[in-house]
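Descriptive analysis of the structure
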2 protein chains.
Amino acid sequence: MDDAETTGDAYVHDIYSEDGAISADFLDRINAAIENGDADALAATVANLHESELGDVLETFDSDERGRFVGLLGDRFDFSALTEVDEAVRMEIIDALSNDKIAAAVQALDSDDAVYILEDLDEKDQAEILAQLPFTERIRLRRSLDYPEESAGRRMQTEFVAVPPYWSVGQTIDYMRDSEDLPTSFAQIFVVDPTFHLVGAVDLDKLLRTKRPVKIEEIMRETRHAIPAETDQEEAAQIFEQYDLLSAAVVDENERLVGILTIDDVVDVIQEEAEEDLKRLGGVGDEELSDSVVETTKSRFLWLLINLATAILASFVIGLFDATIAEMVALAVLMPIVASMGGNAGTQTMTVAVRALATRDIDIYNASRIIRREVTVGFINGIVFAALIGLVAAVWFASPALGGVIGVAMIINMVSAALAGILIPLLLDRFGADPAIASSVFVTTVTDVVGFFAFLGFAAWWFGI
Amino acid sequence: MDDAETTGDAYVHDIYSEDGAISADFLDRINAAIENGDADALAATVANLHESELGDVLETFDSDERGRFVGLLGDRFDFSALTEVDEAVRMEIIDALSNDKIAAAVQALDSDDAVYILEDLDEKDQAEILAQLPFTERIRLRRSLDYPEESAGRRMQTEFVAVPPYWSVGQTIDYMRDSEDLPTSFAQIFVVDPTFHLVGAVDLDKLLRTKRPVKIEEIMRETRHAIPAETDQEEAAQIFEQYDLLSAAVVDENERLVGILTIDDVVDVIQEEAEEDLKRLGGVGDEELSDSVVETTKSRFLWLLINLATAILASFVIGLFDATIAEMVALAVLMPIVASMGGNAGTQTMTVAVRALATRDIDIYNASRIIRREVTVGFINGIVFAALIGLVAAVWFASPALGGVIGVAMIINMVSAALAGILIPLLLDRFGADPAIASSVFVTTVTDVVGFFAFLGFAAWWFGI
């Protein structure tokens, strides 16, 4: 153990510089090895990297560098790093390799990592690669791949320890000491009957605290949170989170144990799901940082097109009052303020609502309370900002009446914004749509249309133009 | 073990109804017990709930119901549920209890849960409660509370198993079988020298696979990711995530082992941090669902006030061209479209940038590539939408020139939006500000001002008005 391992800041691995990027020194060493075509030096440089560190190195490279890096490493390239990079990077590396090479590499991986890599390939490549694997492994991977995308069955690891309930603690420990065929790491063992039906689980600390003669069935706990393999990964993650699980059994439709889900996979899912909401609210879908210009342009186009349609709709509303505006240009100057404040207030409410729906914190018991709260908050802030903008407008255009008109429009739009911000996500959710994707378009349409209509309409009526 | 435990859908605990809310049946049973003042029935009803389930029950109640529920349960109320509820709910329950009662309840909790509850109290209450605890526990909790808020030291558990390196596997197992003083659950044991300096760790599966005579020092692994107690919880969470840790040692400034952080605490941190970005981008800060009207109004006010200021700034820009608008009202009708498209495109870029900064996926190596990509995407989408809106405007107002003017303004604003969307978060981050909080104000200010100025200015010049 070297010194760095015992110092307080040893957790900052030395391949990273202060700002969290891969250090220039380290990249220089890698680039030197690549330029010299020195595969041994390159392999030695990256030998001790954690798969996530190797993933960061891959993402730092441009496309050319990545190709030369993986090519030079050859068999010594650690494929598990591919589970830590963006999909675009992963596909680029995989596409450059022959199916033979992929088959050889996949055999060295844990089953969940292997599935993670195989699932993005097309059917034909998958079949070719699987055909080259040993029977047991082929069956295991095939089974995982047969479960739906983003299901517990896809994410599970098929390596686990299972023992019969009538074994003693001593027998179990002896088995673990002698068996060659155990998973690389595990935190619990499962108890199954002869037909592999799950009957319980034993945490390793429990096993270690118990005397050798005690039977497994006496110390096993209920596996209350066994997860059917078809379960969506997001739902599985919520179960982990709610019950603070470290791992959970995955069972097939006959309730037979087929694999385990571990918390480290679930952490990724939790992060992805939270990120998904954030990106969808921002109108960037499932975009990743390494996507190309073409992919990015395409993925953002639809959102902008929908926004164009709603912006034109708002313009039509303004167009209804063109005579009024021609008479009183101050209205054109002030009208974006009402719409913009409504848009922001609506976004605030919508953000809270979308997040609460995602975490299931909003339900029939508190929905009406939250709607009341939002409308009240909108009304109070509406009055405050009506006073502020009313004063500004009255002074700016020397017209107290104009101040009054914009104030009234502000209150109307802030209350509409609150209603739209909470009701639209609730309705979308009720009808099975994802509130994170569509809410924001509807909410800003409402606040724009109501904002322009309330302000211009009330002005037209008040000033009689 | 009852039937439900072994069926595939047993993970759906029966206190929840289909839609994820607490079932009406279950609430009826609780309410009946409360109305009858039957403490035993109430205790029996909630006895087997997981702390997170009890937390959900508490959040379902209104303030009155909560008070009666906790009051009737008395000593049988499981305080760990308080770690699973919103701060407002937690404080309401704690505030209603005497310090004596809190002190008694806190003793039954794991140290991390106890600290979680104590840290929100004021100094005086904290001191009073700590004074009533046994010496060792008082010292432990005091030490955790002395670390900064949201640090690893605050979140750590001070119960752990530590053994000397010269012990054998057999000795260690015997110690665990006989000791009464072990944590409720653990996944690894730590190896320390006589002064409690951390020298390594052993995972329980490793311990179970090794023969009894082998020395601990032969099987221990480096604890490369020991976390200094002052480390911010977000940084700690990133280490867990990067290295797929299940638990990590927490060390003090002298590198002595003071506690452990476990993945279940870190999962909460990861979720909180992702949620924080989402809420800050939406302009709702650290708001929680159970906040009152007054708190909510206040927390949203500042954001809306800043937005009012930027909206007025945009209005001033429009005001510069009031003569032009008076001459040609179509400009007032069309101008929100240019600003709105820029705002949306800017938000898209900004969302990607803020998230990439939070996950440290953007660094000096790829920043310039990402800036180039964003500007290119902005330019391409600018041209496409310039053509679309140019056509609409030309037909609508029967003026090809007006179509040309809005098209040019659209391209200018889309490119500005891309630049603002990427550069503003990068600059804020560089100067130590949180890009999630402030980016969106600056970005929409840029897109509004540039949008109105480009469109109205170009129109004024082109049409000579």
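No experiment lies behind these values; they were computed from the predicted model shown. In this convention, every chain numbers its residues from 1, walking through the sequence in written order. Chain A is the first chain written and ligand 1 is the first ligand written, with later ones labelled in order. Only residues with pLDDT of 70 or above have their local features reported here, since the model is predicted, and side-chain atom pairs are shown and tallied only from 80 upward, although totals for entire chains, interfaces and linings are computed over all residues. Hydrogens and water molecules were not included; the side-chain quantities draw on all heavy atoms of the structure.

Some words on the relation of the copies chain B and chain A
- Superposition of the copies used a least-squares fit over C-alpha atoms from residues whose pLDDT is at least 70 in both. Note on the identical chains: chain B maps onto chain A by a rotation of 180° and an axial translation of 0.0 Å, with an RMSD of 0.1 Å. Look at the turn and shift together and you get a two-fold axis relating the two.
- When the interface residues of chain B are mapped onto chain A, 100% of them again fall at the interface, so both copies present the same face. Contacts are assigned to residue pairs with any non-hydrogen atoms lying within 4.5 Å of each other.

A short note on the UniProt feature "domain: CBS" (unreviewed entry) in chain A
- According to UniProt, the "domain: CBS" (unreviewed entry) feature falls on residues 220-276 of chain A.
- Secondary structure content for residues 220-276 of chain A is 44% helix and 23% strand, while the C-alpha to C-alpha distance between its ends is 38 Å. UniProt positions are given in the numbering used here, feature names are shortened, and annotations may be inferred rather than shown by experiment. Only DSSP runs of H or I with at least four residues qualify as helices, and only runs of E with at least two residues qualify as strands; both kinds are numbered from the N terminus onward.

Things to note about the UniProt feature "transmembrane region" (unreviewed entry) in chain A
- Under the feature "transmembrane region" (unreviewed entry), the UniProt entry names residues 301-321, 333-354, 375-398, 404-428 and 440-463 of chain A.
- A helix fraction of 90% and a strand fraction of 0% characterise residues 301-321 of chain A, whose end C-alpha atoms lie 31 Å from each other.

Quick look at the interface of chain B and chain A
- Listed per partner, the contact involves 140 residues of chain B and 140 residues of chain A.
- For salt bridges, the criterion is a side-chain nitrogen of Lys or Arg within 4 Å of an Asp or Glu carboxyl oxygen. If you look at where chain B meets chain A, you find 4 salt bridges.
- N or O atoms within 3.5 Å of each other form a polar contact, as long as, within protein, one can give a hydrogen and the other can take it, and as long as residues adjacent in sequence are counted only when both atoms are side-chain atoms. Across the contact surface, chain B and chain A share 35 residue pairs in polar contact (both at pLDDT 80 or more).
- When residues are sorted by character, Ala, Val, Leu, Ile, Met, Phe, Trp, Tyr, Cys and Pro go into the nonpolar class, Asp, Glu, Lys and Arg into the charged class, and all the rest, Gly among them, into the polar class. Of the residues assigned to the side of chain B that touches chain A, the class counts are 70 nonpolar, 36 polar and 34 charged.

Remarks on the sheet that holds strand E4 (residues 227-228) of chain A
Residue and element names in this part refer to chain A.
- Strand pairing requires that DSSP identify at least two bridges connecting the strands. As summarised here, the arrangement of the 3 strands in space is E4-E5-E6, forming an open sheet in which the pairing is mixed. Every interior strand has two partners, whereas the edge strands, E4 and strand E6 (257-262), have only one.
- Note: E4 against strand E5 (residues 247-251), 2 bridges, orientation parallel. Counted as the bridge partner of Pro 228 is Val 251 from E5.

Points about a nonpolar patch on the surface
- To count toward a patch, a residue needs a relative accessible area over 30% and no salt bridge; like charges are then connected within 9 Å, while nonpolar side chains (Val, Leu, Ile, Met, Phe, Trp, Tyr) are connected within 5 Å. Computed with a 1.4 Å probe, the accessible areas rest on the Shrake-Rupley method; for each residue, only the protein chains presented here act as cover. Taken together, the side chains of Leu302(A), Leu305(A), Ile306(A), Ile380(B), Val384(B) and Leu388(B) present a nonpolar region at the surface, about 430 Å² in accessible area.
- For the nonpolar patch, the secondary structure elements donating two or more residues are helix H16 (293-319) of chain A together with helix H19 (367-396) of chain B.
- Relative to the elements of secondary structure, Leu388(B) occurs in helix H19.

Quick notes on the environment of Ile189(A)
Residues and elements named next belong to chain A.
- As for its position among the elements, Ile 189 is in strand E2 (residues 188-192).
- As a C-alpha pair, Ile 189 and Ile 94 span 95 residues in sequence and 34 Å in three-dimensional space.
- With near-sequence residues (within four places) excluded, Ile 189 lies in contact with Val 161, Val 163, Thr 172, Met 176, Ala 201, Val 202, Leu 204 and Leu 207.

Quick notes on the side chain of Arg177(B)
- Summarising the element assignment, Arg177(B) is placed in helix H11 (residues 169-178).
- A simple rule labels every residue: compare its accessible area, found with a 1.4 Å probe on the protein chains alone, to the largest value its type can have, and call it buried under 20%, exposed over 50%, or partly exposed in between. Only four residue types enter the tally: Lys and Arg on the positive side, Asp and Glu on the negative side, with His and both chain ends excluded. Lacking a salt bridge, the buried Arg177(B) has Asp174(B) as its closest oppositely charged neighbour, with an N-O distance of 4.1 Å.
- At 2.6 Å, the side chain of Arg177(B) and the backbone oxygen of Thr210(A) are in polar contact.
- Apart from residues lying up to four places away in sequence, Arg177(B) is in contact with Val169(A), Ile173(A), Leu208(A), Arg209(A), Thr210(A), Lys211(A), Arg212(A) and Arg212(B).

Side note on the sheet that holds strand E1 (residues 162-163) of chain A
All names here are of chain A.
- Spatially, the 3 strands line up as an open sheet ordered E1-E2-E3, and their pairing is mixed. Every other strand in the sheet has two partners, leaving E1 and strand E3 (198-203) as the edge strands with one partner each.
- Across 2 bridges, the pairing between E1 and E2 is parallel. Along E2, the bridge assignment pairs Ala 162 with Phe 190.

A closer look at the nonpolar core
- Residues grouped as a nonpolar core are buried Ala, Val, Leu, Ile, Met, Phe, Trp, Tyr and Cys residues, joined through side-chain atoms within 4.5 Å. Grouped together as the largest cluster of nonpolar side chains are 127 residues, with contacts concentrated most on Phe69(A) and Phe69(B).
- Counting residues in each nonpolar core, the second largest holds 78 residues, with Ala417(A), Ile337(B), Met341(B) and Met410(B) among its members.

Thoughts on the environment of Trp396(A)
- By the secondary structure assignment, Trp396(A) is in helix H19 (residues 367-396).
- Taking the C-alpha atoms as reference points, Trp396(A) and Val446(A), separated by 50 residues in sequence, lie 28 Å from one another.

Details of the packing of aromatic side chains
Residue and element names in this part refer to chain A.
- Only Phe, Tyr and Trp rings take part, Trp by its six-membered ring, and two of them pair if their centres are within 6.5 Å. Stacked means planes under 30 degrees apart, edge-to-face means over 60, and tilted covers everything else. Within the structure shown, the criterion is met by 24 aromatic pairs over all chains.
- Aromatic pair Trp 461 and Trp 462: ring centres 6.1 Å apart, planes at 55°, arrangement tilted.
- Trp 461 gets classed as exposed once you look at its relative accessible area, which sits at 61%.
- Note on Trp 462: relative accessible area 49%, which makes it partly exposed.
- Three or more aromatic residues link up through ring pairs in this structure, and these residues are Phe 160, Phe 190 and Phe 196.

Some remarks on helix H7 (residues 111-118) of chain B
- In terms of burial, H7(B) is largely enclosed, as 7 of its 8 residues are buried.
- Residues Ser111(B), Asp112(B), Asp113(B), Ala114(B), Val115(B), Ile117(B) and Leu118(B) constitute the buried set of H7(B).

Brief notes about the domain arrangement of chain A
- When its domains are assigned, chain A resolves into domain 1 (3-150), domain 2 (162-268) and domain 3 (293-463).
- Computed from C-alpha atoms alone, the centre-to-centre distance between domain 1 of chain A and domain 3 of chain A is 48 Å. Boundary definitions for the domains trace back to an automatic or database domain assignment.

Quick notes on the pairing of E5(A)
Residue and element names in this part refer to chain A.
- Within E5, 5 of the 5 residues are buried, which leaves it mostly tucked inside the rest of the structure.
- Burial along E5 is two-sided: Ser 247, Ala 249 and Val 251 facing one way and Ala 248 and Val 250 facing the other are all buried.
- Bridging between E5 and E6 involves 5 bridges; their strand directions are antiparallel. Paired with Ala 249 across the bridge in E6 is Ile 260.
- Linking E5 back to E6 in an antiparallel pair, the connection comprises 5 residues, with Glu 255 at a positive phi of about 60°.

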